[in-house]
Amino acid sequence: MGSEKWKLRNPKKITRNLIPIPLFFIFHFLVLISSALAEDSINISADHLEYLRETNTYISKGSVKIIYKDATLNADEIRLNNSTLDAIATGNVIYEDTETIIKSDRVELNLETKLGKIYHSYIFYKKENYHLRGGELKKIGEKSYILDKATVTTCDADPPEWHISGKDIKATKHENIKVRNATFYIKGVPVLYSPYFYAPLIKERQTGFLIPSLGYSNTKGLIFNQGFFWAIRDNMDATFYVDYYSEKGVGKGLDYRYIVTPKTNGELWMH
């Protein structure tokens, strides 16, 4: 009898123990799904919002603001396909994420891949303080942009004290800016021309053009300094300078530095 009781009680005991286990996993599975959906959810606010069920599309008008992940898209009107996350924004468009600000009249952008086209564009790299203004801008990757023609400057003034104008510009966040047929302007006046311009977009030591500087002297007149830094090795580098003085002409310079040991180092400066 005792043996039969054990057999009867044991299945009941096992059943009672098994029931909470799948519920536990289902509960946590639902929590994970809810967290994922909340993290990637799209927040839309506008004066007027219309939903087209046939195409799963939202049409937002008037002070439209869309927040998705780390990016915010503002415009007068935005048409968003909720299935593909393709967005068409028009009128006073401002796109901003943690590293970039983009302003335009019209933006065609996929919110997930961040690929698309930007017309009459302005892009600002926050960390490096680079301002790019141009015509049509294509975002070909999460970090890469191509502009048919544009101006580049680190000057915050409007209009800037200096800028570089060129064609076929390619900018890659945290890497570099490449410009063909580049012309250096000082206060709107062309000063120097270069078939190719390269500038790093990182803070680390890297070969490339340095940020130009602008000044004025009573004896030399308007001064424009442009340097090119060459990171030869970890313990050796050189900087080549081309200086323009409106009253004196063009000057050239070289600054070479090396370190062999903490006590053995040197610098050669020529101008």
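Because the structure is predicted, anything quoted here is derived from the model rather than measured. (Residues numbered from 1 in each chain as written. Predicted model: local features only at pLDDT ≥ 70, side-chain atom pairs only at ≥ 80, totals over all residues. Heavy atoms only, no water.)

**Remarks on the overall build of the chain**
And step 1. A count of helices and strands for the chain gives two helices and 20 strands.
And step 2. Considering the chain as a whole, with its 271 residues, one finds that 34% of them fall into the buried category.
And step 3. Restricting to contacts in the chain with at least 6 residues of sequence separation, those with at least 24 account for 29%.
And step 4. As displayed, the chain offers around 16900 Å² of accessible surface, 56% of which is attributable to carbon and sulfur atoms. (Helix = DSSP H or I, 4+ residues; strand = E, 2+ residues; numbered from the N terminus. Buried < 20%, exposed > 50% of the residue type's maximum accessible area, 1.4 Å probe, protein only. Contact = heavy atoms within 4.5 Å. Areas by Shrake-Rupley, 256 points an atom, 1.4 Å probe, with all protein chains shown as cover.)

**Here's the deal with the nonpolar core**
And step 1. Membership of the largest hydrophobic core comes to 42 residues, with the highest contact counts inside it found for Leu73, Ile78, Leu111, Leu132, Ile177 and Phe197.
And step 2. Beyond its immediate stretch of four places on either side in the chain, Phe197 contacts Ile164, Ile177, Lys178, Val179, Ala182, Phe184 and Phe209. (Core = buried A, V, L, I, M, F, W, Y, C linked by side-chain atoms within 4.5 Å.)

**Here we look at the packing of aromatic side chains**
And step 1. By the definition in use, this model includes two aromatic pairs.
And step 2. With centroids separated by 4.9 Å and ring planes inclined at 45 degrees, the aromatic side chains of Tyr51 and Tyr58 adopt a geometry described as tilted.
And step 3. A relative accessible area of 37% places Tyr51 in the partly exposed class.
And step 4. With relative accessibility at 23%, the residue Tyr58 sits in the partly exposed group.
And step 5. Taking 5.7 Å as the distance between ring centres and 70 degrees as the angle between the ring planes, the aromatic pair formed by Tyr241 and Trp269 counts as edge-to-face. (Phe/Tyr/Trp six-rings, centres within 6.5 Å; stacked < 30°, edge-to-face > 60°.)

**Here's the deal with the confidence of the model for the chain**
And step 1. Summary statistics for the chain give a mean pLDDT of 76 and a share of 81% for residues scoring 70 or more.
And step 2. Mean pLDDT across the elements of the chain bottoms out in helix α1 (residues 2-18) (35) and peaks in strand β4 (residues 71-81) (94).
And step 3. Counting contacts from residues 1-39, a segment whose pLDDT is below 50, to residues more than four positions away or on other chains yields one contact. (pLDDT = per-residue confidence, 0-100.)

**Points about the pairing of strand β3 (residues 57-68)**
And step 1. Sheet topology places strand β1 (residues 42-45) next to β3; four bridges connect them, and they run antiparallel. Counterpart to Ser45 in the pairing with β3 is Lys65.
And step 2. Where strand β2 (residues 48-52) lies against β3, five bridges are found, and the strand directions are antiparallel. Across the sheet, His48 pairs through a bridge with Lys61, a residue of β3.
And step 3. What sits between β2 and β3 in their antiparallel hairpin is a turn of four residues, with Asn56 showing a positive phi close to 50 degrees.
And step 4. Bridge analysis of β3 against β4 gives 10 bridges, and the strand direction is antiparallel. From the neighbouring strand, Val64 faces β4, where its bridge partner is Ala75. (Pairing = 2+ DSSP bridges.)

**Remarks on the side chain of His131**
And step 1. Position of His131 among the secondary structure elements: in strand β9 (residues 130-134).
And step 2. Under the relative-accessibility criterion, His131 is labelled buried at 7%.
And step 3. At 2.8 Å, the side chain of His131 forms a polar contact with the side chain of Asp156.
And step 4. Among residues more than four places away in sequence, those in contact with His131 are Tyr122, Ile123, Phe124, Thr151, Val152, Thr153, Thr154, Cys155 and Asp156. (Polar contact = N/O pair within 3.5 Å; in protein donor to acceptor, adjacent residues only side chain to side chain.)

**Description of the environment of Asn74**
And step 1. Summarising the element assignment, Asn74 is placed in strand β4.
And step 2. Each C-alpha atom of the pair Asn74 and Ser45 lies 9.7 Å from the other, and the pair is 29 residues apart in sequence.

**What about the environment of Thr151?**
And step 1. Positionally, Thr151 belongs in strand β11 (residues 144-153).
And step 2. Looking at Thr151, the relative accessible area reads 23%, which means it is partly exposed.
And step 3. Each C-alpha atom, one on Thr151 and one on Tyr185, is 9.8 Å from the other, the two residues being 34 residues apart in sequence.
And step 4. Each residue touching Thr151, except ones within four places of it in the same chain, is listed here: His131, Leu132, Arg133, His163, Ile164 and Ser165.

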